[in-house]
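Commentary on secondary and tertiary structure
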Amino acid sequence: MRYVAAETVEQAVALLAGETGDARVLAGGTDLLVQIRMDLIEPDLLVDIKRIDGMFDITPENGGYRIGAAVSGAMLGEHAGVCALWPGVVEGFELIGSTQVQGRATMAGNLCNASPAGDAVPALVAANATVRIAGPDGTRDCAVADIPVAPGKTSLGKGEFITSVYLPARSDSAADAYLRFIPRTEMDIAVASAAVSLEMEGDICRAARVVLGAVGPTILIADQAAKTLVGTTMDDAALDALATACSDLASPIDDKRGTVEFRKDVVGVLAKRAAKIAQTRAGGKS
Amino acid sequence: MALDTDKREFKIVGTRPLRPDGIDKVTGRALYGADTTAPGMLVGRVLRSPHAHARIVSIDASAAEALQGVKAVITAADFTTANNSHSQAVLDNCMARGKAMYHGHGVAAVAAVSEAIAKQALKLIKVDYEILPHVTEIEDALKPDAPVLYPDKPAKRVPEGTPANVSHVTHFGHGDLEAGFAKADKIIERTFRTEATHQGYIEPHACLASVSPDGKGDLWCCTQGHYNVRALCADFMGMDASQLRVTASEIGGGFGGKTTVFIEPIALALSRKANKPVKLVMSREEVFKASGPTMSSVTDVKIGMTKDGRITAGYANLRYQCGAFPSGTIELGAMSAFAAYDLDAVKTDGLNVMTNRPREAAYRAPGAPTAVYPVESVVDELCQELGLDPLDVRLKNAARKGTKASYGPTFDDIGLVATLEAAKAHPHYSAPLGPNQARGVSCGFWFNFGGNTSVSLAVNVDGTVTLTEGNPDIGGSRASIGMMAAEELGIPFDKVRTLVADTASLGFNDVTDGSRVTFAVGLATIKAARDAIQKMCARVAKIWDIDPEAVVWEDGCVKPAGDNAGQYEPMSLAEIAAISVKTGGPIAGHHEVNADGAGVSFGVHLADVEVDPETGHTSVVRYTVFQDAGKAVHPAYVEGQMQGGAVQGIGWALNEEYIYGADGRLQNAGFLDYRIPVASDLPPIDTVILEIPNPGHPYGVRGVGETPIVPPLAALNNAVSRAIGVRMSALPMSPPRILKAIKG
């Protein structure tokens, strides 16, 4: 196995595109190194992108923020602007791993791990976040929602890697929240999860986006469920309808982490509770 | 050795000095199993069965042996036959002989110059398996048509007609059950299930073995008992015990799981074959797959009670699953189940059944938690149904001095009643509960062991003392043993250094198990100190030229007594030591004993939980442990044992479990999906130590390490059942199970 710390995006792309064996991008390494240690993968080449300019930058852009691919959970959690604009995205990202892991883990890494249970992903999708991708054919932008295609598989092509994540602007009366269910209180993997992003006008919900995690082969965008909130004051009836719609949409499997029945029930509960939190946050801003 | 009759004022015992291993452990200076190295050391790796049950038709290691950098490949054929069937099972568990008995069972091992080459070599070993039908669950293994693990080796001491996979059968009890149940106003009968759990020690098994061509061997390993490691490994290697020196490392947790061997014989055999030192360290995955889980269990319990809370009869039928090799743990379970109660009619029947799972290893009070859980749960349900206070009912039926225990003996001084009364009087028991919260109560019990012990105590010329004992320190024993020596010798604790000797440097010692060390090694230490004191008295009498009987040992000094009282200046240990080499030679004390009289230990736990009715998630919001320690030598360590046991029991009750697929493969061999509690899952665990002296120890000490893992299973079960209004009867009470119970 070879290790190269690339100095530029172009060098990283060339290395990744030129490798005939298994080439992997190393940012935080909190999934990659564990998989190597567990003998799950045997990469031929690791391309470390942390020395490339801009990878640790958080930059305001068109009212939103562009976040470098190597920005860790600890760094994002200390950024007042991002925390205020997209609290649900930050709280999802900060749920990953321990304090030590938070010092290294990245959102792009969590996204490219392509687990339906990744905690950073549902809130990014609910936020309509995009990623910027560098590759042999140049740079392109892509919706976060379109990156994972199946468990462990992404839509990235040979030689491509994510250089930044973009969180868009939003109104002052908007907010988001993310909740996951785990049997413990931390150091665990989501059995079911829900992200809710809302735009309020007074007491009325004007727009909503609901995304579910760990209840399907990829994250699920629950547009029908989100509609149950729009135009309502988010009263109990609306929240119950949201929960039911989420439970109905969920298509989980029975495995060592939970049963189908349990996951369908709990994902609805989480959506309802996340919606309440987002509602409170949006109210607090206006 | 009986309790000292003079009512003494302790100066050191009962205080909380800084732990002697603290600095080493927090700075990284302490040497654990994987920290020992040797020049030219090779890396060992074990090839493990991917199948739950398979005949090994052939093993072709030629390609692995031909790989550059590979120095040895071994299989079961590289060991001798063990000298008894128990030891043979230990060996066969390390390395499969003829059949792979479970997913993860070792089949071959390599030693190579690097880890990468060792891993590559494993892939080159060709094993031809004939896959056999497997069985992993208790009820399946007991069926008449179940796959049989040892069709050619029927169990010897079981009655005719016993299912073929049963290795042990046991019965305890006394009285007329039928008459007892006839007197009851209410009888509850229920079946309880528990899943296998792992000891969950942080340090994986690790060792370094070095065998020389002339047959001498050295082994450094992480173990709870290096004399046992020596006995087993010398047997498997065909070596004399004197030629194998075993040194125990610092230990990163054992909890019973390090009372046997898993990789040590393999490392020795590889080293002998390669003629180089071999380091072998298990991965976490291997620890889960191939080292000591505890049993799973299915238990039917039937208990009768009168309206005013008197238990009229108790019956339990316990079935323990013990993995792929025979086990007798069921006896300890069948003995423990009703130990807390004074009953006229009680009976327990039990069996151990073998399955295609890793061989069961001891886990903290082996057999007791899974036996006490069903009994304490049914007692609680009876209390709930009859509207009685659970502590009052336990006090009404509590075993006490003179009670004929359900397993035979008559109890001497025991602390159960005092412990129950302390729980009842504690503010926790009357504290108000919030919504979705409830409180659970359970008693717990452990026998405590004594056993074979050697201690040597050297009085150094500078007035300090070096104490040599032979049991790895798994719970603060160096502190408590050193404190007992200092107490006896009248010197400050920091003048005593306690070391764990290797097997060549001290007489035999039993494994660190059964909560025996503070009791038995402490007892031997006190005797060794008294031996040294006797020698110092004789020495001083000689200096003063008076009769040895004319001096006494008082306050850490030899003083003239009787007619000579006041005629000479008392001499302290330091003064005697300073001139010892000129007055007759070095002074040392020693003691060797097979210690008896360990004294049983009882505990009572109070657990408050809050259950989220929409997700089934349980939070433990308050927890208090009450336990009789006899005499707490170092109370902080005693509290640590009480807290640690409670936490392991909470994990067992709520989330920990071995999960098998239909293919017989273990699905959660790692800490991500084998969920031990993390710090944020737990409230502070409050502790209340009671001291009802053990009549069998000079200071009244009882073992404290195991009892605290016994009550949490039922305490949590009772709390959760009361919180959700449905009686639970299976562990772990993971959120999907609780939510299902809530929804009906």
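Conventions adopted
Residues numbered from 1 in each chain as written. Chains lettered and ligands numbered in written order. Predicted model: local features only at pLDDT ≥ 70, side-chain atom pairs only at ≥ 80, totals over all residues. Heavy atoms only, no water. Helix = DSSP H or I, 4+ residues; strand = E, 2+ residues; numbered from the N terminus. Rg over C-alpha atoms; globule rule 2.2 N^0.38 Å. Buried < 20%, exposed > 50% of the residue type's maximum accessible area, 1.4 Å probe, protein only. Contact = heavy atoms within 4.5 Å. Areas by Shrake-Rupley, 256 points an atom, 1.4 Å probe, with all protein chains shown as cover. Lys, Arg positive; Asp, Glu negative; His and termini not counted. Charge placed at Lys NZ, Arg CZ, Asp CG, Glu CD. Pairing = 2+ DSSP bridges. Axes fitted to C-alpha atoms, helices over the stretch in contact; angles between N-to-C directions. Polar contact = N/O pair within 3.5 Å; in protein donor to acceptor, adjacent residues only side chain to side chain. Parallel < 35°, antiparallel > 145°, perpendicular 65-115°, else oblique. Nonpolar A, V, L, I, M, F, W, Y, C, P; charged D, E, K, R; others polar. Expected span 1.5 Å × (residues − 1). Buried area = accessible area lost by both parts, 1.4 Å probe. Salt bridge = Lys/Arg side-chain N within 4 Å of Asp/Glu carboxyl O. Domains from an automatic or database assignment. Left-handed = near helix turned anticlockwise from the far one by under 90°. Phe/Tyr/Trp six-rings, centres within 6.5 Å; stacked < 30°, edge-to-face > 60°.

**So, the overall build of chain A**
The helix and strand tally for chain A stands at eleven helices and 14 strands. Scaling as 2.2 N^0.38, a compact globule of 286 residues should have a C-alpha radius of gyration of about 19 Å, and chain A matches this with 19 Å. With respect to the principal axes defined by its C-alpha atoms, chain A has extents near 55 × 45 × 35 Å. Among the 286 residues that make up chain A, the fraction classed as buried is 53%. Within chain A, residue pairs in contact and separated by at least 24 positions form 59% of the contacts whose partners lie at least 6 positions apart.

**Structural notes on the overall build of chain B**
Along chain B, the regular secondary structure elements total 20 helices and 26 strands. Its C-alpha atoms give chain B a radius of gyration of 27 Å, within 12% of the compact-globule value 27 Å for 744 residues. Along the first, second and third principal axes, the C-alpha atoms of chain B reach 85 × 75 × 50 Å. The buried share of chain B, reckoned over its 744 residues, is 61%. The contacts of chain B with a sequence gap of at least 6 include a subset with a gap of at least 24, amounting to 80%. For chain B, the computed accessible surface area is about 27000 Å², with 51% contributed by carbon and sulfur atoms. Distance from the positive charge centre (70 side chains) to the negative charge centre (83 side chains) of chain B: 4 Å.

**Let's talk about the sheet that holds strand β5 (residues 64-68) of chain A**
Residue and element names in this part refer to chain A. The antiparallel open sheet is built from five strands, whose spatial order is β4-β5-β10-β6-β7. Strand pairing shows two members of the sheet lacking a second neighbour, β4 (58-61) and β7 (138-143), which therefore form its edges. Here the average twist between neighbouring strands, direction ignored, is 25°. In terms of strand pairing, strand β6 (residues 130-135) meets strand β10 (residues 161-167) through five bridges, oriented antiparallel. Bridging across to β10, Thr130 finds its partner in Tyr166. Strand contacts of helix α1 (residues 9-18): β6 and β10, with the helix running at about 130° to β10, the strand carrying the most contacts.

**Examining the environment of Arg19(B)**
Residues and elements named next belong to chain B. Mapped onto the elements, Arg19 comes out in the segment before α1 (22-27). For Arg19, a relative accessible area of 43% translates into the label partly exposed. With 457 residues separating them along the chain, Arg19 and Gly476 place their C-alpha atoms 7.6 Å apart. For Arg19, the residues in contact, after removing those within four places along its chain, are Lys25 and Tyr637. Here the side chain of Arg19 touches Tyr637 through a polar contact of 3.0 Å, side chain to side chain.

**Concerning helix α12 (residues 390-397) of chain B**
An α-helical segment advances 3.6 residues per turn. Residues three or four places apart therefore align on the same side. All names here are of chain B. Most of α12 sits out of view: six of its eight residues are buried. If you check which residues of α12 are buried, you get Pro390, Leu391, Val393, Arg394, Leu395 and Asn397. Two to three positions downstream of the cap, the backbone nitrogen of Leu391 sits 2.9 Å from a side-chain oxygen, assigning the N-cap of α12 to Asp389.

**Focus on the packing of helix α3 (residues 85-94) of chain B against helix α7 (residues 226-237) of chain B**
Residues and elements named next belong to chain B. Where α3 meets α7, the axes come as close as 11 Å, and the angle between the chain directions of the two elements is 80°. Comparing their axes, α7 and α3 come out roughly perpendicular. Facing α3, whose interface residues are Ser87, Val90 and Leu91, α7 presents Leu232, Asp235 and Phe236. Looking at the contact of α3 with α7 residue by residue, the class counts come to four nonpolar, one polar and one charged.

**Some details on helix α18 (residues 635-654) of chain B**
An ideal rise of 1.5 Å per residue puts 28 Å on 20 residues; α18(B) measures up with 28 Å between its terminal C-alpha atoms. Across the 20 residues of α18(B), 15 count as buried, placing the element largely inside the fold.

**Quick look at the side chain of Arg727(B)**
Residue and element names in this part refer to chain B. The residue Arg727 is located in the loop between α19 (712-724) and α20 (735-743) in this model. A distance of 3.0 Å separates polar atoms of two side chains, one belonging to Arg727 and the other to Asp380. Among the polar contacts listed, one links the side chain of Arg727 to the side chain of Gln384, at a separation of 2.8 Å.

**Structural notes on the sheet that holds strand β1 (residues 2-5) of chain A**
Residue and element names in this part refer to chain A. Strand order in the open sheet made by the three strands is β1-β3-β2, with parallel pairing throughout. The open sheet has two edge strands, β1 and β2 (23-26), and neither has a second partner. Here the average twist between neighbouring strands, direction ignored, is 20°. Where β1 meets strand β3 (residues 45-48), four bridges bridge the pair, whose relative direction is parallel. Residue pairing in the sheet places Val4 in a bridge with Val47 of β3. Its contacts with the sheet put α1 on β1, β2 and β3, and the angle it makes with β3 is roughly 170°.

**Some words on the interface of chain B and chain A**
Taken together, the 25 residues of chain B in the interface contact 22 residues of chain A. Here chain B meets chain A over a buried area of about 2100 Å², counting both sides, of which 48% is carbon and sulfur. On the chain B side of the interface with chain A, the three residues burying the most area are Glu614(B), His617(B) and Arg675(B), jointly 24% of the side's total. At the surface where chain B touches chain A, the tally comes to ten salt bridges.

**Side note on the domain arrangement of chain B**
Residue and element names in this part refer to chain B. When the domains of chain B are assigned, the result is domain 1 (40-132 + 203-252 + 258-290), domain 2 (296-448 + 599-743) and domain 3 (450-595). Measuring from the centre of the C-alpha atoms in domain 2 to the corresponding centre in domain 3 gives 39 Å. On the domain 3 side, the residues contacting the 16 residues of domain 2 number 18 residues. A buried area of about 1300 Å², summed over both sides, lies between domain 2 and domain 3, and 65% of it is on carbon and sulfur atoms. Summed over the three residues of domain 2 that lose the most area to domain 3, namely Val633, Tyr637 and Tyr699, the buried surface amounts to 40% of that side. Counting the contacts that link domain 2 with domain 3 gives zero salt bridges.

**Focus: the packing of α12(B) against helix α13 (residues 416-425) of chain B**
The angle between the axes and the distance between the axes are what describe a pair of packed helices. All names here are of chain B. Remark: α12 packs on α13, axes separated minimally by 10 Å, with the N-to-C direction vectors making an angle of 165°. Between α12 and α13, the interaxial angle falls into the category roughly antiparallel. Like other packed secondary-structure pairs, α12 and α13 cross with a definite hand, here left-handed. On α13, the residues touching Leu391, Asp392, Arg394 and Leu395 of α12 are Val417, Leu420, Glu421, Ala423 and Lys424. When grouped by side-chain class, the residues that make up the contact of α12 with α13 number five nonpolar, no polar and four charged.

**Looking at the environment of Ser729(B)**
When you line up the elements, Ser729(B) lands in the loop between α19 and α20. For the pair formed by Ser729(B) and Gly514(B), sequence separation is 215 residues and the distance between their alpha carbons is 28 Å.

**Considerations on the packing of aromatic side chains**
Aromatic rings in a pair are described by how distant their centres are and how their planes are angled relative to each other. All names here are of chain B. Enumeration according to the criterion identifies 21 aromatic pairs over all chains in this entry. Here the aromatic rings of Tyr407 and Phe445 are separated by 5.8 Å at their centres, their planes lie at 45°, and the arrangement is tilted. Highlighted residues: Tyr407 in the loop between α12 and α13 and Phe445 in strand β16 (residues 437-446), separated in sequence by 38 residues. One exposure class covers both Tyr407 and Phe445, and it is buried.

**Some remarks on the environment of Ser721(B)**
Residue and element names in this part refer to chain B. With respect to the helices and strands, Ser721 occurs in helix α19. Judged by relative accessible area, Ser721 falls into the buried class, the value being 1%. The contacts of Ser721, once residues within four sequence positions are left out, are Val726, Arg727 and Met728. Within the structure, the side chain of Ser721 is placed 3.0 Å from the backbone nitrogen of Met728, a separation counted as a polar contact.

**Re the pattern of salt bridges**
Summed over the entire model, instances satisfying the criterion amount to 67 salt bridges over all chains. For Glu91(A), the salt bridge goes to Arg281(A), with nearest N and O atoms at 2.9 Å. You can see Glu91(A) sitting in helix α5 (residues 87-94) and its partner Arg281(A) sitting in helix α11 (residues 260-285), a full 190 residues away along the chain. Glu691(B) is the partner of Lys631(B) in a salt bridge, and the nearest nitrogen-oxygen pair spans 3.5 Å. Taken together, the residues Lys631(B) in the loop between β25 (618-628) and α18 and Glu691(B) in the loop between β26 (685-690) and α19 connect sequence positions 60 residues apart. Look at Glu691(B) and you get partly exposed, because its relative accessible area is 39%. One connected set of salt bridges, linked through shared partners, spans Arg184(A), Asp188(A), Lys256(A), Arg257(A), Asp673(B) and Arg675(B).

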